[in-house]
Amino acid sequence: MAKTIYRGDYRAPTHLIDSIRLEFDLNAEETLVKSTLEVRPNPECTEKDPPLFLNGEDITLRSVSIDGRELKDGEYKVDSNGLTIPGITSAQKLEIVNTFSPKANTALSGIYASGVNLMSQCEAQGFRRITFFEDRPDVLARYTTVIRGATEDFPVMLSNGNLTEEKSLEDGRREVTYVDPFPKPCYLFALVAGKLVSRASKFDLKDGRTVDLSVWVDPQDLDKTEHTLESLKRAIRWDEERWGLELDLKDFKIVATNDFNFGAMENKGLNIFNSRCALANPKVATDSDYLRIEGVVGHEYFHNWTGDRVTLRDWFQLTLKEGLTVFRDQEFSADMLGEPSARAVQRIRDVSVLRAAQFMEDAGPMAHPIRPESYQNINNFYTSTVYEKGAEVIRMLQTLLGRETFRKGFDLYIARNDGHAVTCEAFINAMAEASGRDLSEFTNWYSQAGTPRVTVRRHWDEVNHRLTLNVRQSTPPTPGQSVKKPFLIPFPVAFLNSRGEEMPVQLAEEDEAPAPGTRMFELTDETAEFVFGGLEEEPVVSLNRGFAAPIILDAGLSQEELAFLAANDPDPFNRWDAMNRLLIDAVHAQTRARLLKTPEDVSPLVISAASKILRDENLSPAFKAVALTMPGEKLVAEEDPLIDPHAVHAGWIAVRQAIGEKNISAFLETAQANIVEGPYEPTPEKAGKRALRNLALGYAHAAGSPRAAIMIKDQFMTANNLTDKLAALHMMANSQTPAKQDMEVDALKAWYHEPLLINKWLTIQATAPSFPGEARVLERVRELTRCPFFSLKNPNNVYALLLGYFQQNPSEFHLADGSGYAFWAEMVLELNRINPQVAARVARSLDNWRRYTPALAEKMHAALESVEAKRSELSPNVAEIIEKALG
Ligand code: 0A1
Ligand code: ZN
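About the cut-offs
- Residues numbered from 1 in each chain as written.
- Chains lettered and ligands numbered in written order.
- Predicted model: local features only at pLDDT ≥ 70, side-chain atom pairs only at ≥ 80, totals over all residues.
- Helix = DSSP H or I, 4+ residues; strand = E, 2+ residues; numbered from the N terminus.
- Rg over C-alpha atoms; globule rule 2.2 N^0.38 Å.
- Contact = placed C-beta atoms within 7 Å.
- Core = buried A, V, L, I, M, F, W, Y, C linked by C-beta atoms within 7 Å.
- Buried ≥ 20, exposed ≤ 12 C-beta atoms within 10 Å, placed from the backbone.
- Pairing = 2+ DSSP bridges.
- Near = placed C-beta within 6 Å.
- Nonpolar A, V, L, I, M, F, W, Y, C, P; charged D, E, K, R; others polar.
- UniProt positions renumbered as here; feature names shortened; annotations may be inferred.
- Axes fitted to C-alpha atoms, helices over the stretch in contact; angles between N-to-C directions.
- pLDDT = per-residue confidence, 0-100.
- Parallel < 35°, antiparallel > 145°, perpendicular 65-115°, else oblique.
- Left-handed = near helix turned anticlockwise from the far one by under 90°.

A. Molecular detail of the overall build of the protein. Helix and strand counts for the protein come out as 27 helices and 33 strands. In terms of overall size, the protein behaves like a compact globule, its C-alpha atoms giving a radius of gyration of 28 Å where 887 residues would be expected to give roughly 29 Å. The C-alpha extent of the protein, read off along each of the three principal axes, is 90 × 70 × 60 Å. For the protein, the share of sequence-separated contacts (at least 6 apart) that also reach a separation of at least 24 residues comes to 70%.

Right, here's the structure in full:
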């Protein structure tokens, strides 16, 4: 059994490190580091004269000295976890020399080679792969970083803070020195060196200072950096205007690399990005890529305050920075879209992501509260629960307290904790103090896992014109938490009359009716009863508008009521939600019909609801596109008692085809009416039109329209942007059209040399269906893993091809003979040797095996067991995932 770490076991560090001077002699094969630490015992440590323990992993110790005296064997101990030095009972200067190999570092944690460049990634525990240090976020030190490297290999050498010295050395190398004025935990350290070029700009801050901004990339990527730099400027301005937070550095840099485990990293003043979250031009990025890049650039920048200036005491508090920063980046993205209906589209996207990924996590073996109670490997807890559900928890606080009070609480949180490493309580306490409200009931959101179910039953009293809502909340058990306490849930209620207008929401005991609109209530207990009066007629209820709480709501609405809301709800989010629910229910009905072998027509209600939205002249193209997007097969399947991916797939196809067939001319007209002329611009309006056109073409094509097929082919040939080109390729690859092979080959030829595009091409291959007479997707994917443009060492390749196949193509992955699972096991074991973090992410594809039909579940279990059988070879990352899945 691997070691489990518990939140309750936190102990203050034995020693503090006030400053660190790092001197690097760069070499891709072997880099030498000299680290000089000013160490002193921590007065808050209760242990008597504890030894100093410095983490170190996969690095080689050369020497240790204290105050200039080199220690001899026996005066310290070094093992595979680190270095122990007894007897540091007063402030001392420690000098450590060690080496490591960037080239051999395929885990991409610590300092590693990416092409001709060196990159670093220290969160969560990568700094210990660079040098011996107390690798924990509550040890804050001032950093001076000296980097020496051969001028021709490393013309650019970057680290956190300000460049204070630069010189040429006699041996032909160069030396640069950076001083970071802000104390920071080591997970925020960064070093980048190599042949990089930059796009730079001055930027005037509100407080009158001018700062230097720059984006550093490989030379061939310079034409993909304009959007990055502009996004950064918007993020800086927004943080000033919305939260009163200023950039605290003279210089702020972004670096992009093709080799990166996650999306991006908020290292102080030197953010490092996965190129997929940073680089864009119309040839390599789609509309959604442009949006994602803006969001991620914002996210990393916003961490400068929520994460860097106010940091974490320990890794259990991860959501303190991540939930809050996701909330901030979501708000940023919404504000950049401007008007309310566009903001609603942003909210719909965010909620769709949450429902697709986080709800599933909450229902499986990895379910954990946004602040976990224990973990084996912290890298496995960069999850959608900590991030996206964490953001919903922050959003609920804003909803409960109101924007103004929330802002006061936020200001207090920053002012009070600046420069400190704190826990989630720091945030809650600041909010409680600013609002004068006891928030202890709210903290269940931090300690309990699982998605609450809220069931609402209505009773209409025709005589007294009273409506009673009986509300019940319950949360299913999750691993290690069998009984749940009720949550404090914001509960917005709105009523619509038969003309679709909002009515006042008036409690029966109230004398006066409030203005019509949404009214906010709170649920605190397991059950609640609300009695409403003053109603001219029985209303249709519109609940949890804007997704005020991350719950699964059963409002007890009939299909007719859902269709009414889909056509009339003035709240765009709930209008979308009603349409989405109708689509999900229609797929369920078709899935059931297949399982029971009792064919039935797709409900005319869903078809007419879709057709009304398509024809509604008051709705924006962007909204229509999200409202008519078919819910993912996995999302639908989540609600089935036992998942049969093939039946769900067939049900899904049937619904899409029926909607397409019944509206074929409207879809073709819509496609025609939403052609975007002129040069490519990723504006919300133009992107909305493109999304609607492609959606309409998709439905018409699925319904067998030859005209749609011609339009799609034509679009593939002539598109001046990747959004349209990729959408066309995707539609073709998902159909039986013989022409698709030529298009796929054309695309491959054109995209071969661009990693961003190759990854998109790989995903298309991995997520397509296979038709009779064609090779199975499994075989295609297996073959592609052996292609020269695929490498298991590159995380983006793995995510594009393997995660695409394992997680986004259920009917092709869940093969009856279990061969999909056997391939999964093979890949997990291979990746485990190369990159444990990536392997663990891929390993999670079988998390929910218990939810499948017995024949499949048995084979998934066998595949998990086959990985478990290699226990002694498994990295702690993968071991934890497999152990929990089998658990
Ligand atoms: N803090 C980063 C995400 C991140 C986390 C871990 C990493 O390596 C193990 C890398 C990046 C963010 O929230 O953007
Ligand atoms: Zn983050």
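B. Structural detail: the nonpolar core. Counting 247 residues, the largest nonpolar core has V192, L582, V828 and V842 as the members making the most contacts within it. Ranked by the residues each element gives to this core, the list is headed by helix α16 (residues 684-702), at nine residues. Residues contacting V828, with those up to four places away along its chain left out, are A839, V842, A843, V867 and V878.

C. Structural context of the pairing of strand β31 (residues 527-533). Summarising the sheet, strand β26 (residues 466-474) and β31 pair through six bridges and their orientation is antiparallel. The residue bridging R472 from the neighbouring strand is T527, located in β31. As paired elements, strand β29 (residues 506-507) and β31 share two bridges and run antiparallel to each other. Residue L507 lies in a different strand from β31, and its bridge partner there is F532.

D. Broad picture of the sheet that holds strand β5 (residues 60-66). The strand order across the open sheet formed by eight strands is β6-β5-β9-β3-β2-β12-β15-β14, and the pairing between neighbours is mixed. With one partner strand each, in any of the chains shown, β6 (69-70) and β14 (162-168) form the two edges of the open sheet. Summarising the sheet, strand β2 (residues 15-25) and strand β12 (residues 141-150) pair through seven bridges and their orientation is parallel. Residue pairing across strands places S19 opposite R142, the latter belonging to β12.

E. The site of ligand 1, seen in detail. If you check the shell around ligand 1, you find 15 residues, and the closest are E123, F262, A264, M265 and Y382. Of all elements in the fold, only β20 (264-265) and α2 (287-302) reach the threshold of two or more residues within the shell around ligand 1. Classifying every residue of the shell around ligand 1 gives five nonpolar, six polar and four charged.

F. Representation of helix α27 (residues 876-886) in the model. Residues of α27 that are buried include every one of N877, V878, A879, E880, I881, I882 and A885, and no others. In this fold, the buried residues of α27 make contact with α24 (819-834), α25 (836-843) and α26 (854-868).

G. Highlighting unusual backbone geometry. Residue A124 is reached from E123 by a cis peptide bond, and omega for that bond is -5°. Here A124 lies in the loop between β11 (117-121) and β12. One non-glycine residue, F547, adopts positive backbone phi at about 55°. Turning to its location among the elements, F547 is positioned in the loop between β32 (540-543) and β33 (552-554).

H. The arrangement of the UniProt feature "domain: Peptidase M1 membrane alanine aminopeptidase" (unreviewed entry) in the protein in detail. This chain's UniProt record puts "domain: Peptidase M1 membrane alanine aminopeptidase" (unreviewed entry) on residues 228-444. End C-alpha to end C-alpha, residues 228-444 measures 38 Å, and it is 56% helix and 9% strand.

I. The arrangement of the sheet that holds strand β8 (residues 82-85) in detail. Spatial strand order, β4-β8-β7: three strands in an open sheet with antiparallel pairing. Strands with a single pairing partner mark the edges of an open sheet, and in this sheet they are β4 (52-55) and β7 (77-79). Neighbour-to-neighbour, the strand axes of the sheet open up by a mean angle of 15°, direction not taken into account. Pairing geometry for β7 and β8, over three bridges, is antiparallel. Across the sheet, K77 pairs through a bridge with T84, a residue of β8.

J. Geometry of the confidence of the model for the protein. Here the protein averages 98 in pLDDT, while 100% of its residues score no lower than 70. Predicted complex metrics record ipTM = 0.99 and pTM = 0.99.

K. Region of the structure containing the pairing of strand β27 (residues 489-496). In terms of residue burial, β27 counts as a mostly covered element, since seven of its eight residues are buried. Sheet topology places β27 next to strand β30 (residues 519-523); five bridges connect them, and they run antiparallel. Paired with V493 across the strands is R519, a residue of β30. As paired elements, β27 and β32 share four bridges and run antiparallel to each other. Bridged to L496 within β32 is V540. Here two bridges tie β27 to strand β28 (residues 502-503), and the two strands are oriented antiparallel to one another. Within β28, the position partnered with L496 by the bridge is E502. Counting the residues between successive antiparallel strands, the hairpin from β27 to β28 contains five residues, one of them, G500, with a positive phi of roughly 85°.

L. Quick look at the packing of helix α3 (residues 318-337) against helix α4 (residues 340-362). For the pair α3 and α4, the least separation of the axes is 8 Å and the interaxial angle reads 150°. Viewed along their axes, α3 and α4 adopt a mutual orientation that is roughly antiparallel. Here α3 runs over α4; the crossing is right-handed. Across the interface between the two elements, Q330, S333, A334 and L337 from α3 touch A342, R343, Q346, R347 and D350 from α4. Here the contact of α3 with α4 is composed, by residue class, of three nonpolar, three polar and three charged.

M. Focus on the environment of A768. Secondary-structure assignment places A768 in the loop between α20 (755-767) and α21 (777-784). A count of 22 C-beta atoms within 10 Å places A768 in the buried class. Look past the residues within four positions of A768 in its chain and what remains in contact with it is A733, N734 and V777.

N. Expanded view of the environment of A658. By the secondary structure assignment, A658 is in helix α14 (residues 645-662). C-beta crowding within 10 Å serves as the criterion here: with 21 such atoms nearby, A658 is assigned to the buried category.

O. How the structure looks around the environment of N42. Its location among the elements puts N42 in the loop between β3 (31-41) and β4. When the 18 C-beta atoms within 10 Å are taken as the criterion, N42 is described as partly exposed. In this structure the C-alpha to C-alpha distance between N42 and A334, which are 292 residues apart in sequence, comes to 44 Å. Excluding anything up to four places from it in sequence, N42 contacts A12, P13, T14, H15 and L16.

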